[in-house]
Amino acid sequence: MSDRHILTAVAWPYANGPRHIGHVSGFGVPSDVFSRYQRMAGNKVLMVSGTDEHGTPITVAADAEGVSPQEIADRNNRIIVGDLTGLGLSYDLFTRTTTANHAAVSQEIFLGLLKNGYVFPQTTLGAISPSTGRTLPDRYIEGTCPICGYDGARGDQCDNCGNQLDPVDLVNPVSKINGETPRFVESEHWFLDLPAFAKALGDWLGTRKSWRPNVLNFSVNLLEDLKPRSYTRDIDWGIRIPLPDWRDRDDKRIYVWFDAVVGYLSASIEWARRSGDPEAWRQWWQSPDADAYYFMGKDNIVFHAEIWPAQLLGYNGAGDKGGSPGSYGALNLPTEVVSSEFLTMEGKKFSSSRRVVIYVRDFLERYDADALRYFIAVAGPENQDTDFTWAEFRRRNNDELVAGWGNLVNRSISMAAKNVGAVPQPGDLTDADRDLLATTSGAFGTVGELLGRNRQKAAVNEAMRVVGEANKYLSDQAPWKLKEDPARRDSVLFTALQAIKDCNGLLSPFLPHAAQQVHELLGGEGTWSVAPRIEEVSDLDDGRPYPVITGDYETGQAVWTSVPITPGTPLQAPKPVFTKLDESIVEEELRRFEEGS
Ligand SMILES: [Zn+2]
């Protein structure tokens, strides 16, 4: 058993609406599988995230509804907290970016960068709407890409060639809000000096051998074209710029993306303050032995493999201009940026605005959380874009969860409950018995090695292969034919139940809800897999109440090793752990989808 400190830094969902299953397949479920495994293996995990609540889309939604941006953020924060808790995602703290704590930490990072000379002021051309006089944010300007000629490029980025853009460079720019041509006027901003980190970022990426190759290649390619990037925006919704002549200005704020990534640190600090040991976050951020894994979809790699590491390097005084760490002291860079590809939906890209979407809360109204968690683990977009289809979801659920794992649990425990009423006392074990138990207990090594490297698809496939071995053993030994030999029958059933106990451990990171049920079906008491809970808190500094996700995960019994079952433990006839899905759900769901899109 090891006791490494592991930070699981999970991408911050933007507070513009409920989460869909494409979102949670990228950042949500993989980060939770990883964290649950690491806790079972004895490591000290701190899993943090929250809702990202600043930026233009929130202000546009607020204007459209005639409410304040904070009202939009409050509503969606609460919805998203419900979505993620429903999936059983075991955050130590899921908070938000509109807390006083987050603002203070974001301003400290800005000031640390400024002190070391990595942010500097510059006058640029910013777009305004001629009809309203208001600032027009980059992503609300559309035009032709100056690099590849694509005619749907946004002011911040071209989705066709992937280049970061400046709206003033777009050919024929128009406002997406009202179609008018923006006017460009001079505006003063603070810039992050990204070129000053080219060498430090390159050196760091050069040591990142364990990353998924596509993520590492993408990150290295980003270094070829580093330009200073605006740290601030013309907007009245966001974190104030902590400088004498800027702090009180109502038209300038820190850029939403630059404060969102600071959230990993601010949430860790908030968690420590709530835990009663305000310095506790340092074990995950400053210990040289600590590791930090960042989980996200591939559209966010640039902010986690370039921008956030540059902010950290600058704060530490480790770019070309040198310097010294800010008041927190030097902070650790990511160990690994674990990025998933995209999940499509019946062949189309998920899009809330085009209503190509399955919301998490709708899904959880009709299906079990573990059924979705399993699909994402076994068939999700770990290494390539992957399509979600209802037919495949149903097939995986019925053939693998119900007929594979559920059936092994159900028939073994039923037979033991009916014939013995308890975990049977085994006699001498045969070679076949010992072979199976060697396989199931040995799998903690193989599956754990894969989970430690975030090869989750291979890990769940290996766990399910072991379930298949146990099912084959049960069919071969056929304890239902051993009425005349109860001693041998009991040895077979004991072996099957011990194999189930082991398989349940192997599957616990993927299927935490089912794992708790199987634990109880085997006569176990107390909590095996701890579920997250929602707690209403007040902000530490300004007293505004909001919901956070947290949990006492160290109180669970789940461990990453074979746990012996005890003969004589009473057993009841089991209820099915998984629900078989009727063929009709495929058509029903497709009809819902067609009506929606
Ligand atoms: Zn382009």
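Position numbers for residues count from 1 along each chain, tracking the sequence in the order it is written. Confidence filtering applies because this is a predicted model: local features only for residues at pLDDT of at least 70, side-chain atom pairs given and counted only at 80 or more, and all residues used for totals across whole chains, interfaces and linings. For the side-chain quantities, the full set of heavy atoms in the structure was used; hydrogens and water were omitted.

Undergrad: What should I look at first to understand the packing of aromatic side chains in this one?
TA: The description of two aromatic rings rests on the distance between their centres and on the angle between their planes. Only centres within 6.5 Å qualify two rings of Phe, Tyr or Trp (six-membered ring in Trp) as a pair; their planes then separate them into stacked at under 30 degrees, edge-to-face at over 60, and tilted for everything else. What the rule picks out here adds up to 30 aromatic pairs. Relative to Phe-191, the ring of Phe-120 has its centre 6.1 Å away and its plane inclined at 20 degrees; by these criteria the two rings are stacked. Of this pair, Phe-120 sits in strand 4 (residues 119–128) while Phe-191 is found in strand 8 (residues 183–192), placing the two residues 71 residues apart along the sequence. Here a set of aromatic residues connected by ring pairs shows up, and it is made of Phe-110, Trp-190, Tyr-231, Trp-246, Tyr-255 and Phe-258. Two thresholds decide whether a charge sits over a ring: the Lys NZ or Arg CZ must be within 6 Å of the ring centre and within 35 degrees of the ring normal. The ring centre of Tyr-255 lies 3.8 Å from the NZ or CZ of Arg-233, which sits over that ring. For the cation-ring pair, Arg-249 lies above Trp-246, with the distance from its terminal atom to the ring centre recorded as 5.5 Å. For helices the rule is a DSSP run of H or I covering at least 4 residues; for strands it is a run of E covering at least 2, with both sets numbered from the N terminus onward.

Undergrad: What should I look at first to understand the side chain of Ser-268 in this one?
TA: By the element assignment, Ser-268 lies in helix 7 (residues 256–275). By relative accessible area, which is 0% here, Ser-268 ends up buried. From its side chain, Ser-268 meets the backbone oxygen of Tyr-264 in a polar contact 2.7 Å long. Contacts are assigned to residue pairs with any non-hydrogen atoms lying within 4.5 Å of each other. With residues up to four places along the chain from it excluded, the contact list for Ser-268 reads Leu-7, Leu-46, Val-48, Trp-281 and Trp-285. Summary of the burial criterion: residues with accessible area below 20% of their type's maximum are buried, those above 50% are exposed, and those between are partly exposed, where the area comes from a 1.4 Å probe applied to protein chains only. Residues adjacent in sequence count toward polar contacts only when both atoms are side-chain atoms; beyond that, a polar contact is any pair of N or O atoms within 3.5 Å, and within protein one must be able to donate a hydrogen and the other to accept it.

Undergrad: Help me understand the coordination of the zinc ion, please; the structure alone is not making it clear to me.
TA: A metal bound by six donors in octahedral fashion has ideal angles of 90 or 180 degrees, whereas one bound by four tetrahedral donors has an ideal angle of 109.5 degrees. Here the zinc ion is held by the protein donor atoms Cys-145 (SG), Cys-148 (SG), Cys-158 (SG) and Cys-161 (SG), which lie 2.3 Å from it. Excluding water, the donors of a metal are its N, O and S neighbours within 2.8 Å, or within 3.2 Å for Na, K and Ca, and that exclusion means sites may look incomplete. Sequence spacing of the donors to the zinc ion: C-x2-C-x9-C-x2-C. Here Cys-158 lies in the loop between strand 6 (153–154) and strand 7 (171–175) and Cys-148 lies in the loop between strand 5 (141–144) and strand 6, a separation of 10 residues in the sequence. Residue classification places Cys-148 among the partly exposed residues on the basis of a relative accessible area of 35%.

Undergrad: Looking at this structure, I do not really get the environment of Leu-84. What am I missing?
TA: Within the secondary structure, Leu-84 is located in helix 3 (residues 69–86). Look at Leu-84 and you get buried, because its relative accessible area is 0%. It is 7.6 Å that separates the C-alpha atoms of Leu-84 and Gly-28, two residues lying 56 residues apart in sequence. When residues no more than four places from it in sequence are discounted, the contact partners of Leu-84 are Pro-13, Arg-19, Val-24, Phe-27, Leu-89, Tyr-91, Phe-94 and Ile-549.

Undergrad: I would appreciate a short explanation of the UniProt feature "binding site: Zn(2+)" (unreviewed entry) in the protein in the present structure.
TA: UniProt positions are given in the numbering used here, feature names are shortened, and annotations may be inferred rather than shown by experiment. Listed under "binding site: Zn(2+)" (unreviewed entry) in the UniProt record, and renumbered for this structure, are Cys-145, Cys-148, Cys-158 and Cys-161. Taken together, the annotated residues stretch across 17 residues yet fold into one region, lying no more than 8.6 Å apart by C-alpha. Summarising the element assignment, Cys-145 is placed in the loop between strand 5 and strand 6. Residue contacts for Cys-145: discarding those within four places in its chain leaves Tyr-150, Ala-153, Cys-158, Cys-161 and Leu-165. By relative accessible area, Cys-158 is classed as buried at 0%. Not counting residues up to four positions away in its chain, the partners in contact with Cys-158 are Cys-145, Cys-148, Tyr-150, Ala-153, Asn-163 and Leu-165.

Undergrad: Please explain the pattern of salt bridges as it appears in this structure.
TA: Any two side chains of opposite charge can pair, so long as their charged atoms come close to each other. Salt bridges are defined as contacts in which a side-chain nitrogen from Lys or Arg sits within 4 Å of a carboxyl oxygen from Asp or Glu. In total, this model carries 41 salt bridges according to the counting rule given. Note that Asp-234 is salt-bridged to Lys-252, the shortest N-O span being 2.6 Å. Here the residue Asp-234 occupies a position in strand 10 (residues 232–234), and Lys-252 occupies one in strand 11 (residues 252–254), the gap between them amounting to 18 residues. The pair Asp-234 / Lys-252 is uniform in exposure class, with both members buried. Residue Arg-253 pairs with Asp-250 through a salt bridge whose shortest N-O separation is 3.8 Å. We classify Arg-253 as buried; its relative accessible area is 4%. Within this structure, Glu-392, Arg-395, Arg-396, Asp-399 and Glu-400 form a network of salt bridges that share partners.

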